[in-house]
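Next come the chains, spelled out residue by residue.
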Amino acid sequence: MDKLMIANLPTNIEKVDFFRQELHKSVFIKRDDQTGMATSGNKIRKLEYLIKDAQNKNCDYLITNGGVQSNHARATAVIAAKYKMNSLLILKESGKLKTEGNLFFDKLVGAKIKMLSEQQYQNLPSIIEELKEELTESGHNPYVIPMGGSDGLGALGYVDAYYEILRQEEQLGIEFDTIVVTDGSGGTYAGLLYGNKEANKNKTIIGMSVLNQREQAVRDIVHVLEDMNQYRDNDLRFSDKEINIIDRYIGLGYGKSQLDELKFMEKFAREEGIILDPVYTGKSMYGLYHELKNGNLQESQNILFIHTGGMFGWTDEKINMLYGSI
Ligand SMILES: *Cc1c(COP(=O)(O)O)cnc(C)c1O
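Residues numbered from 1 in each chain as written. Predicted model: local features only at pLDDT ≥ 70, side-chain atom pairs only at ≥ 80, totals over all residues. Heavy atoms only, no water.

1. Section: the site of the ligand
Working step 1: What surrounds the ligand is a group of 16 residues, the closest being Lys43, Lys46, Ser185, Thr188 and Thr308.
Working step 2: Take lysine 43: an N or O atom from its side chain is 2.7 Å from an oxygen atom of the ligand.
Working step 3: A distance of 2.5 Å separates an oxygen atom of the ligand from a polar side-chain atom of lysine 46.
Working step 4: Coverage of the ligand by the protein chains reaches 97% of its 380 Å² of free accessible surface.
Working step 5: For the shell around the ligand, the secondary-structure elements that each account for two or more residues are helix H2 (43-56), strand E7 (178-183) and helix H8 (187-198). (Near = heavy atom within 4 Å. Polar contact = N/O pair within 3.5 Å; in protein donor to acceptor, adjacent residues only side chain to side chain. Areas by Shrake-Rupley, 256 points an atom, 1.4 Å probe, with all protein chains shown as cover. Helix = DSSP H or I, 4+ residues; strand = E, 2+ residues; numbered from the N terminus.)

2. A closer look at the UniProt feature "domain: Tryptophan synthase beta chain-like PALP" (unreviewed entry) in the protein
Working step 1: If you check UniProt for "domain: Tryptophan synthase beta chain-like PALP" (unreviewed entry), the listed places come out as residues 8-309 in our numbering.
Working step 2: Taken end to end, residues 8-309 is 46% helix and 17% strand, and its first and last C-alpha atoms sit 13 Å apart. (UniProt positions renumbered as here; feature names shortened; annotations may be inferred.)

3. A short note on the packing of aromatic side chains
Working step 1: Tallied over the entire structure, the rule returns 15 aromatic pairs.
Working step 2: Plain terms: the ring middles of tyrosine 249 and tyrosine 286 are 6.4 Å apart, the flat faces sit at 80° to each other, and that makes the pair edge-to-face. Pair noted here: tyrosine 249 is in the loop between strand E9 (244-246) and helix H10 (259-272) and tyrosine 286 is in helix H11 (residues 281-293), with a separation of 37 residues, a long-range link. With respect to burial, tyrosine 249 and tyrosine 286 carry one shared label: buried.
Working step 3: Site record: aromatic cluster; members linked through ring pairs are Phe18, Phe19, Tyr249, Phe264, Phe268, Tyr286 and Tyr289.
Working step 4: In this arrangement the basic side chain of lysine 43 is found over the ring face of tyrosine 280, its NZ or CZ atom lying 5.5 Å from the centre.
Working step 5: Above the plane of the ring of tyrosine 158 lies arginine 45, whose end atom (NZ or CZ) is 5.4 Å from the centre. (Phe/Tyr/Trp six-rings, centres within 6.5 Å; stacked < 30°, edge-to-face > 60°. Buried < 20%, exposed > 50% of the residue type's maximum accessible area, 1.4 Å probe, protein only. Lys NZ or Arg CZ within 6 Å of the ring centre and 35° of its normal.)

4. Examining the pattern of salt bridges
Working step 1: Applying the stated rule across the entire model yields 17 salt bridges.
Working step 2: Residues arginine 45 and glutamate 164 are paired through a salt bridge, measuring 3.0 Å at the closest nitrogen-oxygen approach. Placement of arginine 45 in helix H2 and of glutamate 164 in helix H7 (residues 152-172) is noted, with a sequence separation of 119 residues between them. Here the two residues arginine 45 and glutamate 164 agree in accessibility, since each one is buried.
Working step 3: For the salt bridge of lysine 98 with aspartate 316, the shortest nitrogen-to-oxygen distance reads 3.1 Å. Residue lysine 98 is found in the loop between strand E4 (86-92) and helix H4 (101-108), and its partner aspartate 316 is found in helix H12 (residues 316-323); the two are separated by 218 residues along the sequence. (Salt bridge = Lys/Arg side-chain N within 4 Å of Asp/Glu carboxyl O.)

5. Here we look at the sheet that holds strand E3 (residues 61-67)
Working step 1: Across the sheet, four strands lie side by side as E5-E4-E3-E6; this open sheet has parallel pairing. Edge positions in the open sheet fall to strand E5 (112-116) and strand E6 (142-144), since each of these has one partner strand only. Across the sheet, the mean angle separating the axes of adjacent strands is 25° when strand polarity is ignored.
Working step 2: Pairing geometry for E3 and E6, over three bridges, is parallel. Looking across to E6, one finds that tyrosine 61 is bridged to proline 142. (Pairing = 2+ DSSP bridges. Axes fitted to C-alpha atoms, helices over the stretch in contact; angles between N-to-C directions.)

6. Re a negative patch on the surface
Working step 1: Negative charge collects at one region of the surface, where Glu129, Glu130, Glu133, Glu134 and Glu137 lie side by side.
Working step 2: Tracing the backbone through its elements, the reader meets glutamate 133 in helix H6 (residues 124-137).
Working step 3: Exposure remark for glutamate 133: the relative accessible area of 49% places this residue in the partly exposed category. (Patch = residues over 30% accessible without salt bridge, like charges linked within 9 Å, V, L, I, M, F, W, Y side chains within 5 Å. Lys, Arg positive; Asp, Glu negative; His and termini not counted. Charge placed at Lys NZ, Arg CZ, Asp CG, Glu CD.)

Next up, the structure:
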């Protein structure tokens, strides 16, 4: 499959002193927060494939969906602007609506936004169909990207990332026995796991869920994995047991923060100069820290954490929680 080549790759791998000092553990971080396109994090690797496919099909309108502060929706809108395409973002409203963070950047780059209440959002598939039809009738050629860009095609971006890691291991003279990544809609995890099996490697791939409980998270990942074989001309089979999801750090729920988590991110930022985000990477790094502190992951000697981006998740609400209103 061909793809756009817009991400800044390979992304750096850096040592995280934090874990060595506190826990005497060897942890590295892969800076996928620096892939570019307005800090599009992991989403750009998936969109390189998806938007190329849209171009190959002569589509001029990208439709996608997500939460009101979706990193994926914003990344789609930014890349659409770059390629002179239109974008329609179908967003699920939650809490008090503020034009900040990702939603602000959606507007800045000219995305059309359709806001749905939580109740309306339950009819998402039929709403997408209607909007698609409307656009087609007005002479456009729309292309629908699934939530998070997480289908078999998008996940190819993280098969590539897996092979990128193998090449970097050779250059660095390190072997990572464990890869830890934040899991939301499953595409990133699925791509890494697929690469691990395709390359006949035996790394432990851990997904720190920030969205769904284990069972649902596994179901979503299996769904993506099954969709991938067609693009790799392969027939890899995965059992649920191979899918290593930790769901103990979802906390109060997707997008919701606890002060303890935010304090951890502050400490990490001060010691490492690396900014995590409250919705995804902050929770999963917090999770990794507590797993190690509790003596889990004993067999893991060299751990690679993938920083998937998300900085615009620092909305007013989170900042106020940490520092009080300014
Ligand atoms: C979307 C996202 C994830 C989760 O990736 P999935 O492929 O949806 O599982 C992790 N971190 C950040 C910052 C994200 O925006």
